[in-house]
Amino acid sequence: MPMMAAALESYKKGEERAAEAVKQDEEKFLSDVWPALNHLIQSGEGPLLGGAAPSIADLAVFPHMLVVTRKLPEHFVSQHEGVKSYLEALHAALPSLDETMKEAESWV
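Residues numbered from 1 in each chain as written. Predicted model: local features only at pLDDT ≥ 70, side-chain atom pairs only at ≥ 80, totals over all residues. Heavy atoms only, no water.

(A) Layout of the overall build of the protein. A count of helical and extended segments in the protein gives five helices and zero strands. When the helices and strands of the protein are placed in sequence order, the string is α-α-α-α-α. Out of the 108 residues in the protein, the part that is buried amounts to 24%. In the protein, 51% of the contacts between residues at least 6 apart in sequence involve partners at least 24 apart. For the protein, the accessible area works out to roughly 7700 Å², and carbon and sulfur atoms hold 61% of it. (Helix = DSSP H or I, 4+ residues; strand = E, 2+ residues; numbered from the N terminus. Buried < 20%, exposed > 50% of the residue type's maximum accessible area, 1.4 Å probe, protein only. Contact = heavy atoms within 4.5 Å. Areas by Shrake-Rupley, 256 points an atom, 1.4 Å probe, with all protein chains shown as cover.)

(B) A look at the nonpolar core. Counting 19 residues, the largest nonpolar core has Phe-62, Met-65, Val-83 and Tyr-86 as the members making the most contacts within it. Those elements giving two or more residues to this core turn out to be α1 (3-43), α2 (56-71), α3 (76-79), α4 (81-93) and α5 (97-105). The leading source of residues in this core is α4, at five residues. Setting aside residues up to four positions removed in sequence, Val-83 forms contacts with Phe-29, Trp-34, Met-65, Thr-69 and Val-77. (Core = buried A, V, L, I, M, F, W, Y, C linked by side-chain atoms within 4.5 Å.)

(C) Expanded view of the pattern of salt bridges. Following the criterion strictly, the structure yields two salt bridges and no others. Across the pair Lys-28 and Asp-32 runs a salt bridge whose closest N-O atoms are separated by 2.8 Å. Highlighted residues: Lys-28 and Asp-32, both in helix α1, separated by four residues, approximately one helical turn. Exposure remark for Lys-28: the relative accessible area of 49% places this residue in the partly exposed category. (Salt bridge = Lys/Arg side-chain N within 4 Å of Asp/Glu carboxyl O.)

(D) Main features of the packing of α2 against α4. Interhelical geometry of α2 versus α4 gives an angle of 120° and a closest axis separation of 11 Å. As summarised for this structure, α2 and α4 are arranged oblique, according to the angle between their axes. With respect to the hand of their crossing, α2 and α4 are arranged in left-handed fashion. Along its contact with α2, which presents Asp-58, Val-61, Phe-62, Met-65, Thr-69 and Arg-70, the element α4 presents Val-83, Tyr-86, Leu-87, Leu-90 and His-91. Class assignment of the residues belonging to the contact of α2 with α4 gives a composition of seven nonpolar, two polar and two charged. (Axes fitted to C-alpha atoms, helices over the stretch in contact; angles between N-to-C directions. Parallel < 35°, antiparallel > 145°, perpendicular 65-115°, else oblique. Left-handed = near helix turned anticlockwise from the far one by under 90°. Nonpolar A, V, L, I, M, F, W, Y, C, P; charged D, E, K, R; others polar.)

(E) Layout of α2. Between the first and last C-alpha of α2 there are 23 Å, a value that for 16 residues agrees with the 22 Å anticipated at 1.5 Å per step. Buried residues of α2: Asp-58, Val-61, Phe-62, Met-65 and Leu-66, and no others. (Expected span 1.5 Å × (residues − 1).)

(F) Structural context of the side chain of Asp-58. Counting through the fold element by element, Asp-58 comes out in helix α2. An unpaired buried charge is present at Asp-58: no salt bridge exists, and Arg-70, the closest side chain of opposite charge, is 15 Å distant. Not counting chain neighbours up to four residues away, the residues in contact with Asp-58 comprise Leu-48, Leu-49, Gly-50, Ala-53, Tyr-86 and Leu-90. (Lys, Arg positive; Asp, Glu negative; His and termini not counted.)

Listed below in structure tokens is the structure:
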């Protein structure tokens, strides 16, 4: 097999493996991660992890969700309705968050 054909075949296999890994990540998010977060949200007295007001738990989770939603808007986490609702609630609870995040964007 010529070198370019072998490289192309290897690339295609890598794409297939990457697509399978994304599928597995999405399945894990939907079966484990989101249900756990949603349980914490539902067991509180508000739309956030700590209830109606942001807590240290929200501040621990938020940066991870922020990176995905800002840098990968088409990612399955970014498109998840529960994640969108959670982030909207967090932004509503912390009005200065948007301004702070605009400043932080220049750091990354």
